[in-house]
Amino acid sequence: MTQEIHAESPLVIAGKSYQSRLLVGTGKYKDLDETKLAIEASGAEIVTVAVRRTNIGQNPDEPNLLDVISPEKYTILPNTAGCYTAKDAVRTCRLARELLDGHDLVKLEVLGDQKTLYPDVTETLSAAETLIKDGFKVMVYTTDDPLVAKRLEDMGCVAVMPLGAPIGSGLGIRNPYNIKMILENAKVPILVDAGVGTASDATIAMELGCEGVLMNTAIAAARDPILMAKAMRLAVECGRDAYLAGRMPRKLYASASSPIEGLIV
Amino acid sequence: MIEINLNGEAFEVAGDASLSTLTQSLDLEGKRYAIEVNEDIISRSEHGTYFLKAGDQVEVVQAIGGG
């Protein structure tokens, strides 16, 4: 399998190629300036946004997120964050498609409870089915359950995005073996979405063979989000190269790096 | 005047108001937003000819920061 992959191969999602394998969110930043600078530093080409009620009576000159993160420059990936039912998630995606002039790539997430923000798998499956029938290209946030990941792929999701750890937890890739199992069977891109805390977590996800990593809090909640965005860009590239290079096998005992022959002793 | 529900709150508009009338009064012209009336999307091209009725549930949404 490794031999078939070329180092320069881009990430392909729903037929579109991307050079960057880091996808980033736009939440939790101090202001839109910081959002813009962090996203530029991350090198991301796919950027997630949330869909919310317009604040009626707000200052009409207040800048809009999409003025800063322009849909002409970035692939905007509207999410269904905050939705706890398939119905709400589908409704949100339809609003997003109207908002973005027919753009039909969405990040589906249907959450189960507020404490864990764990995906509600049955509602996720139901929403995915409706959205795919309705012509959406669905990148789906799910648990790290290999059977559920496969089912979502079989349904026609364009990417499956298991969590590394709960959203915003920064706990890293808690179950790399499950991610490996998901990757073994996958024919669509598998991206780790949620749980990354620092650069090494992103590298681990990529070393496992993930096609990309999606994160928000790890960058936005860093002391210096712009520097962390750069670190994440490098970490994802690093992990991808290491995956393509193919790591050495692990051995229990030492193996000398210098030749034994020609020793003066 | 008729009363509609706009983003979860009571809101008064003229009896003959279209969605375009509403968006103009909200200073939304030229901005990126989407509108749903009674859970149906009303596409931008129809805003001028879609007239509001008393009790309509109107949602106006936009993109904001999120993961």
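Calculation notes
- Residues numbered from 1 in each chain as written.
- Chains lettered and ligands numbered in written order.
- Predicted model: local features only at pLDDT ≥ 70, side-chain atom pairs only at ≥ 80, totals over all residues.
- Heavy atoms only, no water.
- Axes fitted to C-alpha atoms, helices over the stretch in contact; angles between N-to-C directions.
- Helix = DSSP H or I, 4+ residues; strand = E, 2+ residues; numbered from the N terminus.
- Left-handed = near helix turned anticlockwise from the far one by under 90°.
- Contact = heavy atoms within 4.5 Å.
- Nonpolar A, V, L, I, M, F, W, Y, C, P; charged D, E, K, R; others polar.
- Core = buried A, V, L, I, M, F, W, Y, C linked by side-chain atoms within 4.5 Å.
- Buried < 20%, exposed > 50% of the residue type's maximum accessible area, 1.4 Å probe, protein only.
- pLDDT = per-residue confidence, 0-100.
- Buried area = accessible area lost by both parts, 1.4 Å probe.
- Salt bridge = Lys/Arg side-chain N within 4 Å of Asp/Glu carboxyl O.
- Expected span 1.5 Å × (residues − 1).
- Polar contact = N/O pair within 3.5 Å; in protein donor to acceptor, adjacent residues only side chain to side chain.
- Pairing = 2+ DSSP bridges.

1. Things to note about the packing of helix α3 (residues 86-99) of chain A against helix α4 (residues 121-133) of chain A
Residue and element names in this part refer to chain A. Where α3 contacts α4, the axes come no closer than 8 Å and their chain directions differ by 35 degrees. Pair α3 / α4 crosses with right-handed handedness. Together, Ala 86, Ala 89, Val 90, Cys 93 and Arg 94 of α3 and Glu 123, Ser 126, Ala 127, Thr 130 and Leu 131 of α4 make up the contact between the two elements. Among the residues making up the contact of α3 with α4, the classes are represented as six nonpolar, two polar and two charged.

2. A closer look at the nonpolar core
Among the nonpolar cores identified, the biggest contains 67 residues, and A:Leu108, A:Met215 and A:Met232 are the most heavily contacted of them. Of the residues forming this core, the biggest block, seven residues, is contributed by α3(A). Residues within four places of A:Leu108 in sequence aside, it is in contact with A:Thr80, A:Ala89, A:Thr124, A:Ala127, A:Ala128, A:Leu131, A:Val138, A:Met139, A:Val140 and A:Tyr141. Core analysis: the second largest hydrophobic core is formed by 17 residues, B:Ile4, B:Leu22, B:Tyr33 and B:Val37 among them.

3. Points about the confidence of the model for chain B
The predicted model of chain B averages 94 in pLDDT, with 100% of residues at 70 or higher. For this predicted complex, the interface confidence reaches an ipTM of 0.94, while the overall pTM sits at 0.92.

4. A few points about the interface of chain B and chain A
Taken together, the contacts link 27 residues of chain B with 29 residues of chain A. Of the roughly 2,600 Å² buried between chain B and chain A, counting both surfaces, carbon and sulfur atoms make up 52%. Of all residues in chain B, B:Arg32, B:Gln62 and B:Gly67 give up the largest surface area on contact with chain A, accounting jointly for 26% of the area buried on that side. There are eight salt bridges connecting chain B and chain A.

5. Side note on α4(A)
All names here are of chain A. Counted at 1.5 Å a residue, the expected span for α4 with its 13 residues is 18 Å, and the 18 Å between its end C-alpha atoms agrees. What α4 keeps buried is the set Thr 124, Leu 125, Ala 127, Ala 128 and Leu 131. In this fold, the buried residues of α4 make contact with α3, β6 (105-108), β7 (137-142) and α5 (146-155). Once α4 finishes, Gly 135 follows within two positions and takes phi at roughly 95 degrees, a positive value.

6. Let's talk about the pattern of salt bridges
A complete count under the given rule lists 20 salt bridges over all chains for this structure. Among the salt bridges present, the one from B:Arg32 reaches A:Asp101, with a minimum N-O distance of 3.5 Å. In this pair, B:Arg32 is assigned in the loop between α1 (19-25) and β3 (34-37) and A:Asp101 in the loop between α3 and β6, connecting two distinct chains. Among the charged side chains, a salt-bridge network with shared partners connects A:Glu72, A:Glu98, A:Asp101, B:Arg32 and B:Arg44.

7. What to know about the environment of A:Ile173
Residues and elements named next belong to chain A. Along the chain, the position of Ile 173 falls in the loop between β8 (159-162) and α6 (176-185). Residues Ile 173 and Ala 205, 32 residues apart in the sequence, show an inter-C-alpha distance of 7.0 Å. Beyond its immediate chain neighbours, meaning those up to four positions away, Ile 173 contacts Gly 164, Ile 179, Val 192, Asp 201, Ile 204, Ala 205 and Leu 208.

8. Considerations on the side chain of B:Asn7
By the element assignment, B:Asn7 lies in the loop between β1 (2-6) and β2 (9-13). A relative accessible area of 8% places B:Asn7 in the buried class. Within the structure, the side chain of B:Asn7 is placed 2.8 Å from the backbone oxygen of A:Thr54, a separation counted as a polar contact.

9. Quick word on the pairing of strand β4 (residues 46-53) of chain A
The two faces of a sheet get side chains in turn, since along a regular strand they alternate between them. For β4(A), a buried count of six out of eight residues is recorded, marking the element as mostly surrounded by other parts of the structure. Of the pairings in the sheet, the one linking β4(A) to strand β5 (residues 75-78) of chain A comprises four bridges and is parallel in character. In the strand pairing of β5(A), A:Val47 is matched with A:Ile76. Looking at chain direction, β4(A) and strand β5 (residues 57-65) of chain B are connected through five bridges and run antiparallel. Within β5(B), the residue paired with A:Val49 across the bridge is B:Gly65.

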